[in-house]
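These are the residues of each chain, in order.
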Amino acid sequence: MNIYSSENAILVVVFVSLATYLMRVGGLLLAGYLPTGGRVGRALNALPGTILISLAAPGFFNEGFIGFAAGLVTVAMAFKTKNVFLAMLSGMLVMALGRFYL
């Protein structure tokens with residue numbers, strides 16, 4: 001039996017899709033039982049931002065000084081303007097100018 005057959009690929013896609021769907025539905029069903037106040041509520045409100053930063057930070061540091069500066073500008077603009085799109089544009093501008101001139 002060939003493990004790389006198209007039938008096996010279809011099975012993998014079906015099972016992974018089912019697992020993803022069940023995790024999302026399970027999260028939505030369990031979300032009603034989580035506390036919304038106190039420390040847990042504040043931690044849950046901060047979670048999306050921390051996940052985003054943990055995904056973006058390695059890229060910032062991998063690009064050296066220019067990437068770090070672009071990351072700082074992006075975070076500063078996001079806090080200052082509360083507009084994520086504008087913050088991303090400003091970070092990309094810093095990155096593009098840094099690569100062009102340095």
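Residues numbered from 1 in each chain as written. Predicted model: local features only at pLDDT ≥ 70, side-chain atom pairs only at ≥ 80, totals over all residues. Heavy atoms only, no water.

*Asks:* Account for a nonpolar patch on the surface, with residues named and values stated.
*Replies:* On the surface, Ile10, Leu11, Val14, Phe15, Leu18, Tyr21 and Leu22 cluster together into a nonpolar patch covering about 730 Å² of accessible area. Its location among the elements puts Leu22 in helix α1 (residues 6-31). (Patch = residues over 30% accessible without salt bridge, like charges linked within 9 Å, V, L, I, M, F, W, Y side chains within 5 Å. Areas by Shrake-Rupley, 256 points an atom, 1.4 Å probe, with all protein chains shown as cover. Salt bridge = Lys/Arg side-chain N within 4 Å of Asp/Glu carboxyl O. Helix = DSSP H or I, 4+ residues; strand = E, 2+ residues; numbered from the N terminus.)

*Asks:* Tell me about the pattern of salt bridges, and please be specific about residues and values.
*Replies:* Inspection of every chain in the model, using the stated rule, returns one salt bridge. In this structure, Glu63 and Arg99 form a salt bridge, with 3.0 Å as the shortest nitrogen-oxygen distance. On the criterion of sequence distance, the pair formed by Glu63 in the loop between α2 (38-62) and α3 (64-81) and Arg99 in helix α4 (residues 84-101) is long-range, its members being 36 residues apart.

*Asks:* I'd love a proper account of the layout of surface pockets, names of residues and values included.
*Replies:* Computed from the structure, the largest pocket encloses a volume of approximately 530 Å³. Taken together, 18 residues line the largest pocket, and the ones lying closest to its centre are Leu52, Ile53, Thr74, Val75 and Ala78. The set of elements that each furnish at least two residues to the lining of the largest pocket consists of α2, α3 and α4. Counted by class, the lining of the largest pocket contains 14 nonpolar, three polar and one charged residues. (1 Å grid on protein atoms, 1.4 Å probe; cavity = no way out; pocket = protein on both sides within 12 Å on 5 of 7 lines; lining within 4 Å. Points joined across faces, edges and corners; volume = space filled by probe spheres on them. Nonpolar A, V, L, I, M, F, W, Y, C, P; charged D, E, K, R; others polar.)

*Asks:* Could you give me a rundown of the confidence of the model for the protein, with the residues and numbers involved?
*Replies:* Mean pLDDT for the protein: 88, with 99% of residues reaching 70 or above. Looking across the protein, the model is least confident in α2, with a mean pLDDT of 82, and most confident in α4, with 94. (pLDDT = per-residue confidence, 0-100.)

*Asks:* So, the packing of aromatic side chains: which residues are in play, and what are the values?
*Replies:* Enumeration over the complete set of coordinates arrives at two aromatic pairs. Measuring from centroid to centroid gives 4.9 Å for Phe100 and Tyr101, while their planes differ by 85 degrees, and the two rings are edge-to-face. As far as burial versus exposure is concerned, Phe100 and Tyr101 are alike and both exposed. (Phe/Tyr/Trp six-rings, centres within 6.5 Å; stacked < 30°, edge-to-face > 60°. Buried < 20%, exposed > 50% of the residue type's maximum accessible area, 1.4 Å probe, protein only.)

*Asks:* So what about unusual backbone geometry? Which residues, and what values?
*Replies:* Residues other than glycine seldom take positive phi values, yet Lys82 does so here, at roughly 60 degrees. By the secondary structure assignment, Lys82 is in the loop between α3 and α4.

*Asks:* Provide a residue-level description of the packing of α2 against α3, including the pertinent values.
*Replies:* One can describe the packing of α2 onto α3 by two numbers: an axis separation of 6 Å at closest approach and a directional angle of 140 degrees. Taken together, the axes of α2 and α3 lie oblique to each other. Contacts from Phe60, Phe61 and Asn62 of α2 reach α3 at Gly64, Gly67, Phe68 and Gly71. Classifying every residue of the contact of α2 with α3 gives three nonpolar, four polar and no charged. (Axes fitted to C-alpha atoms, helices over the stretch in contact; angles between N-to-C directions. Parallel < 35°, antiparallel > 145°, perpendicular 65-115°, else oblique. Contact = heavy atoms within 4.5 Å.)

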